[in-house]
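Chain residues, written in single-letter form:
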Amino acid sequence: MSGFKQSEWGPYHFFVDEDIKNAPRISADYYFRFRRLDGPSPEISGIVYLDATETAALESYLTTLGYHYVTTDEYGDRWEKEDWPIPEFYLWQDKERRMIFLTKYTL
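To start, this report covers the structure provided alongside it.

The rules we used
- Residues numbered from 1 in each chain as written.
- Predicted model: local features only at pLDDT ≥ 70, side-chain atom pairs only at ≥ 80, totals over all residues.
- Heavy atoms only, no water.
- Helix = DSSP H or I, 4+ residues; strand = E, 2+ residues; numbered from the N terminus.
- Rg over C-alpha atoms; globule rule 2.2 N^0.38 Å.
- Areas by Shrake-Rupley, 256 points an atom, 1.4 Å probe, with all protein chains shown as cover.
- Pairing = 2+ DSSP bridges.
- Axes fitted to C-alpha atoms, helices over the stretch in contact; angles between N-to-C directions.

## Some remarks on the overall build of the chain
No. 1: Check the secondary structure of the chain and you find three helices and six strands.
No. 2: Mapped in sequence order, the helices and strands of the chain form the string α-α-β-β-α-β-β-β-β.
No. 3: Relative to the 2.2 N^0.38 estimate, which gives 13 Å for 107 residues, the radius of gyration of the chain is 13 Å and therefore close to what a compact globule would have.
No. 4: Expressed along its principal axes, the backbone C-alpha trace of the chain runs to roughly 35 × 30 × 25 Å.
No. 5: Element-wise, carbon and sulfur atoms account for 51% of the exposed surface of the chain, whose accessible area totals about 6400 Å².

## Considering the sheet that holds strand β4 (residues 76-81)
No. 1: If you walk across this open sheet you meet the six strands as β1-β2-β6-β5-β4-β3, and the pairing is antiparallel. Edge positions in the sheet fall to β1 (29-36) and β3 (67-73), since each of these pairs with one other strand and no more. Strand after strand, the sheet turns through a mean of 20° between neighbouring axes, direction not considered.
No. 2: Relative to strand β2 (residues 43-50), β1 runs antiparallel, the two being bridged by eight bridges. Bridged to R33 within β2 is G46.

What follows is the structure, given as structure tokens:
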């Protein structure tokens, strides 16, 4: 695991994006990830669900935020708002390892 739990107050409250904080908890076992890159690269905030196989609740959540599915690429299913490519979400599933990743990219 390369991330942090919600119980780790500082990283969770200072670094996790609000949309990721409010994402449905589709598994009892999950952790958060955050990365800020230099220059024009995006800020990345995400939640990783362990022992999870169903993405429907996350897809519904993204829809309620005003996002829609755009395409699937090597990073997973990309979700964007109409005419606004950033911020964007990626929803990726590793079925073999029973893991689901929800990641938000912002500038």
